[in-house]
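Single-letter residue listing:
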Amino acid sequence: MPYSAEVSRRNPTCFLFMIDQSGSMSDPCPGFENRSKAEYVADVVNRIFQNLILRCAKAEGVRDYFHIAVLGYGAHVGRALGGELANHSDDLIPISKIAEHPIRVEERMKRSPDGAGGIYEEPYKFAVFLEPVASGSTPMTEAMRQAYYIVERFCKEHPDSFPPVVLNLTDGEPTDGNPEQDAQSIRELFTNDGQVLLFNLHISSSNAKPIQYPVTDAGLPDDAARMLYRMSSVMPPMFVAAAQERKLPAQEGSRGYVFNADAVAIAQFLDIGTRVDRQMR
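Attention in this report is confined to the structure presented alongside it. Sequence positions are assigned chain by chain, starting from 1 and proceeding in written order. Only residues with pLDDT of at least 70 get local features here, since the model is predicted, and only at 80 or more are side-chain atom pairs given and counted; chain-wide, interface and lining totals rely on the full set of residues. The basis for every side-chain value is the complete set of non-hydrogen atoms in the structure, without hydrogens or water.

Let us now look at the overall build of the protein. Each helix and strand counted, the protein has seven helices and 16 strands in total. Each residue is assigned to one of three classes by its accessible area relative to the maximum for its type, calculated with a 1.4 Å probe on protein chains only: buried under 20%, partly exposed between the two thresholds, exposed over 50%. The proportion of buried residues among the 281 residues of the protein is 51%. Long-range pairs, those at least 24 residues apart, make up 76% of the contacts in the protein between residues at least 6 apart in sequence. The Shrake-Rupley method, run with a 1.4 Å probe sphere, supplies the accessible areas, and residue values consider only the shown protein chains as cover. Accessible surface, the protein as shown: approximately 12,500 Å² in total, 48% of it carbon and sulfur. A helix here means a DSSP run of H or I that spans at least four residues, while a strand means a run of E at least two residues long, and both kinds are numbered starting from the N terminus. By the convention used here, residues are in contact when the closest approach between their heavy atoms is within 4.5 Å.

Okay, structure coming up:
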């Protein structure tokens, strides 16, 4: 059965995050009008990294169940992690190395109910690995080509692994041609456990109704949305189940695509797209 390989240190899996860093990512994030799309996406990715680190944490340290790559595309296409991770010897970085090298650790405040009808604030530590960037155009096609080579090498080096998952977060149309062929090439890569998965999150500024995990492109309002839908993989059952647990409208045949994502949908998308816990040993 595909997508059933055990995730272990001997057979890790790979997550590749593609982050749109074009100038339009400076626009307000839907649902958080006082923050830009770039700022909110960076925060969510940083939080996902911390969650992935916690999932891999054992008594002896952080186990390398996951290898991570982050590509940014805007004024430049290339590695997006900062600090010491920017100079890592490989595009793919074991999760233990990410845990060791945040750019910085901030103290932030969290609001929580006090049990008596009020709210109190308490400090917590927040590790920053990815900084918000918003500059230039949207060279998604070139980013897809770079992603292909990273994922291709991982599949060759880990042929028995759970297939890599590529998560593309964008707010606009590509400015360097049509990326569909390159996206198809990524989806056609495979390990012995199945084909590589490519999921797309569309942080549109449209006033159209949000659509999550559709089974057809009916209702998508424009060519860009339909293109990203076509570029997206059909979700395997474990990812459908992860979405359904969050009361989201995923079903058999759903594609890993979200249109007109607000702040909540962005966080849900990344959480669902990295949910391989049932395979971890």
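In this section: the side chain of K37. Mapping K37 onto the fold places it in helix α1 (residues 37-56). Of the residues examined, K37 reaches a relative accessible area of 1% and is grouped as buried. Contact partners of K37, with chain neighbours within four places excluded, come to S24, M25, D27, P28, C29, P30, D171, I203, S204 and S205.

For the rest of this paragraph, the subject is the packing of helix α4 (residues 180-188) against helix α5 (residues 223-231). The contact between α4 and α5 brings their axes to 9 Å, and the two run at 20°. Taken together, α4 and α5 sit at an angle that is classed as roughly parallel. Every pair of crossing elements has a handedness; the one defined by α4 and α5 is right-handed. In this structure, α4 contributes E180, A183 and R187 to the contact, and α5 contributes M227, R230 and M231. Considered class by class, the residues forming the contact of α4 with α5 number three nonpolar, no polar and three charged. Lines fitted to the C-alpha atoms define the axes, with helices restricted to the stretch that makes contact. Angles between their N-to-C directions range from 0 to 180 degrees. Roughly parallel covers angles under 35 degrees, roughly antiparallel covers those over 145, roughly perpendicular covers 65 to 115, and oblique covers all other angles. Helix crossings get a hand from a simple test, with the near helix turned counterclockwise from the far one by less than a right angle marking a left-handed crossing and a clockwise turn marking a right-handed one. In this count, Pro and Cys sit with the nonpolar residues alongside Ala, Val, Leu, Ile, Met, Phe, Trp and Tyr, while Asp, Glu, Lys and Arg are called charged and the others, Gly among them, polar.

Side chains carrying opposite charge are able to pair once their charged atoms draw close together. Only one rule defines a salt bridge in this text: a Lys or Arg side-chain nitrogen within 4 Å of an Asp or Glu carboxyl oxygen. In this structure the tally under the stated criterion is 21 salt bridges. Across the pair D171 and K37 runs a salt bridge whose closest N-O atoms are separated by 3.3 Å. Here the residue D171 occupies a position in the loop between β11 (165-170) and α4, and K37 occupies one in helix α1, the gap between them amounting to 134 residues. With relative accessibility at 8%, the residue D171 sits in the buried group. Close ionic contact of D223 with R226 constitutes a salt bridge, the shortest N to O distance being 2.9 Å. You can see D223 and its partner R226 sitting in helix α5, three residues apart, about one turn around the helix. When its relative accessible area of 59% is taken as the criterion, D223 is described as exposed. Residue class for R226 comes out partly exposed when judged on its relative accessible area of 25%. One connected set of salt bridges, linked through shared partners, spans R35, D43, R104, E106, R108 and E131.

Put simply, two rings from Phe, Tyr or Trp (the six-membered ring, in Trp's case) pair if the centres are within 6.5 Å, and we call them stacked under 30 degrees between planes, edge-to-face over 60, tilted for the rest. Enumeration over the complete set of coordinates arrives at nine aromatic pairs. Seen from their ring centres, F17 and F49 are 5.4 Å apart, and the 75° between their planes marks the pair as edge-to-face. Residue F17 is found in strand β1 (residues 13-20), and its partner F49 is found in helix α1; the two are separated by 32 residues along the sequence. By the burial criterion, F17 is buried, and F49 matches it. Taken together, a centroid distance of 5.3 Å and an interplanar angle of 85° make the contact between Y148 and Y149 edge-to-face. Residue Y148 is classed as partly exposed on the basis of its relative accessible area, which comes to 22%. Since its relative accessible area comes to 56%, Y149 is described here as exposed.

Where α1 contacts helix α7 (residues 263-273), the axes come no closer than 10 Å and their chain directions differ by 30°. By the angle between their directions, the pair α1 and α7 is classed as roughly parallel. Our pair here, α1 against α7, has a crossing hand that is right-handed. Residues Y40, V44, V45, I48 and R55 of α1 form the contact with α7, whose participating residues are A263, I266, A267, L270 and D271. Here the contact of α1 with α7 is composed, by residue class, of eight nonpolar, no polar and two charged.

Residue position: T274 is located in the segment after α7. Exposure remark for T274: the relative accessible area of 0% places this residue in the buried category. Excluding residues within four positions of it along the chain, T274 makes contact with F15, F17, I48, L52, R55 and L167.

Residue types Ala, Val, Leu, Ile, Met, Phe, Trp, Tyr and Cys, when buried and joined through side-chain atoms within 4.5 Å, form a set referred to as a nonpolar core. Ranked by internal contacts, the top residues of the largest apolar core, which has 58 residues, are F17, F49, F66 and I68. At the level of secondary structure, the elements contributing two or more residues to this core comprise β1, α1, β6 (66-73), α2 (95-100), β11, β14 (197-202), α6 (237-245) and α7. It is α1 that contributes the most residues to this core, eleven residues altogether. The residues touching F17, leaving out its near neighbours within four places in the chain, are I48, F49, I68, A69, V70, L71, L167, L270 and T274. By size, the runner-up hydrophobic cluster in this structure holds 30 residues, among which are L92, V166, I186 and L198.

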